[in-house]
Amino acid sequence: MCKPSTSHLPPLPTHPTMTSPSQKPLKVGIIGFGPFAQFLVKTMIKQGHSIKATSRSDYTQLCTHLGISFFRDMKAFLESNNEVILLCTSILSLSQVINSLPFNCLTQPTLFVDVLSVKEYPRDLMLQVLPQDSDVLCTHPMFGPESGKDGWNDLTFMYEKVRITNEATCSSFLQIFATEGCKMMEMTCEEHDKLSARSQFLTHTIGRVLSEMEVEPTPIDTKGFQKLVQVKESTSRDSFDLFSGLFIHNRFAKQQLMNIELAVETIKQQLVKRMNEQVDPSI
Ligand SMILES: NC(=O)c1ccc[n+]([C@@H]2O[C@H](COP(=O)([O-])OP(=O)(O)OC[C@H]3O[C@@H](n4cnc5c(N)ncnc54)[C@H](OP(=O)(O)O)[C@@H]3O)[C@@H](O)[C@H]2O)c1
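Residues numbered from 1 in each chain as written. Predicted model: local features only at pLDDT ≥ 70, side-chain atom pairs only at ≥ 80, totals over all residues. Heavy atoms only, no water.

### Thoughts on the side chain of Ser244
Relative to the elements of secondary structure, Ser244 occurs in helix α10 (residues 240-248). Judged by relative accessible area, Ser244 falls into the buried class, the value being 14%. A polar contact is formed between the side chain of Ser244 and the backbone oxygen of Asp241, at a distance of 3.4 Å. (Helix = DSSP H or I, 4+ residues; strand = E, 2+ residues; numbered from the N terminus. Buried < 20%, exposed > 50% of the residue type's maximum accessible area, 1.4 Å probe, protein only. Polar contact = N/O pair within 3.5 Å; in protein donor to acceptor, adjacent residues only side chain to side chain.)

Have a look at this one:
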């Protein structure tokens with residue numbers, strides 16, 4: 001039985017002058033144990049962190065195999081003393097998931113971290129819904145099970161410390177990625193969404209277009225075409241929930257989709273114009 005909802009005591013003061021972040025193992029609870037969480041957790045286990053997980057589907061067997069606890073009951077999960085709660089649900093389900101959490105079951109002020117591929121949306125939701133004494137860290141590892149399968153060295157990890165009072169826990173969490181060699185990139189959620197509409201959303205949209213066109217390797221592929229096939233294959237491995245989340249919950253993506261349509265139309269007009277100029281006037 002969880003206690004009635006009250007505000008937690010403020011965290012103990014930390015050492016703001018501390019230069020090397022604490023290496024102590026963290027107690028991390030994961031909500032949403034889909035493909036991306038399963039990918040992240042392998043490195044966290046390797047680093048010696050204590051992991052618990054919960055999800056809509058039952059991952060008891062997989063978690064037993066990984067040597068971590070899986071909770072079917074959300075109250076028991078929140079009562080299980082996590083220092084960090086990592087939100088790994090789909091973009092589209094975050095609102096439903098976060099709004100259904102029984103926060104009165106938390107036993108301590110907790111650092112909530114999300115890894116969603118859009119950033120303003122989870123930031124706003126977390127600030128709206130989470131208890132006031134929860135810390136909020138927004139992150140986006142700019143890699144996944146395919147690009148990160150041989151390690152995370154030199155792969156980019158974006159983050160914004162949105163509301164942090166317990167610097168030590170936040171640093172310990174960021175250290176998970178820093179020690180693997182990630183390029184740690186601190187920027188605002190707004191800046192992330194602007195940039196990722198122009199890069200990640202564009203890549204996924206082109207990949208989906210290529211897939212729609214049933215683009216396949218041919219016996220005479222150029223290097224450029226081989227790269228296109230790779231884009232098609234890597235983007236269609238991600239769920240359609242992920243792709244549509246990139247569009248629906250990034251306010252900069254709508255303009256980008258219009259830019260793509262406009263660019264295709266402009267190029268088509270340039271080609272038709274040139275073709276008409278080439279017509280032999282003697283015919
Ligand atoms: N894949 C990547 O390379 C990558 C990289 C960086 C960030 N991310 C982010 O990581 C998150 C997870 O991505 P993903 O690749 O694992 O696939 P996803 O399709 O975006 O999300 C799958 C997860 O969402 C949960 N979920 C979906 N619908 C739900 C619902 N109605 N209610 C409750 N839970 C629901 C699933 O739970 P069940 O499995 O229990 O059904 C699963 O844990 C996303 O926010 C994504 O943007 C992904």
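There's plenty left to go through after this.
### Quick look at the confidence of the model for the protein chain
In this model, the protein chain carries a mean pLDDT of 93, and residues with pLDDT of at least 70 account for 91%. Per-residue pLDDT stays below 50 along residues 5-22; that stretch engages in 18 contacts with residues further than four places along the chain or on separate chains. (pLDDT = per-residue confidence, 0-100. Contact = heavy atoms within 4.5 Å.)

### Quick word on the site of the ligand
Around the ligand sit 27 residues in total, of which Ser55, Ser57, Tyr59, Ser117 and Ser239 are the nearest. Contacts to the ligand include Tyr59, whose side-chain N or O atom sits 2.4 Å from an oxygen atom. In isolation the ligand exposes 870 Å². Once the protein is present, 88% of that is buried. Counting residues per element, the ones that place at least two in the shell around the ligand are α1 (35-46), α4 (94-99) and β6 (135-141). Here the shell around the ligand spans two domains, and each of domain 1 (16-187) and domain 2 (199-277) adds at least three residues to it. (Near = heavy atom within 4 Å. Areas by Shrake-Rupley, 256 points an atom, 1.4 Å probe, with all protein chains shown as cover. Domains from an automatic or database assignment.)

### Details of the packing of aromatic side chains
Going through the model one piece at a time under the given rule, you end up with 15 aromatic pairs. Taking the centre distance of 5.8 Å and the plane angle of 35° together, the rings of Phe36 and Phe39 count as tilted. With Phe36 and Phe39 both in helix α1, this residue pair falls three residues apart, about one helical turn. On the basis of an interplanar angle of 35° and a centroid distance of 6.3 Å, the ring pair of Phe157 and Tyr159 is categorised as tilted. For the pair Phe157 and Tyr159, a shared accessibility class is recorded, and that class is buried. Cluster of aromatic residues (ring-pair linked, three or more members): Phe36, Phe39, Phe143, Trp152, Phe157, Tyr159, Phe173 and Phe177. (Phe/Tyr/Trp six-rings, centres within 6.5 Å; stacked < 30°, edge-to-face > 60°.)

### Comments concerning helix α8 (residues 200-212)
For α8, with 13 residues, the first-to-last C-alpha span of 18 Å sits near the 18 Å given by 1.5 Å per residue. Along α8, the residues classified as buried are Gln200, Phe201, His204, Thr205, Gly207, Arg208 and Leu210. Where the residues of α8 are buried, they touch β6, α7 (189-198), α9 (223-237), α10 and α11 (253-278). Immediately beyond the C-terminal end of α8, within one or two residues, lies Glu214, with a positive phi of roughly 55°. (Expected span 1.5 Å × (residues − 1).)

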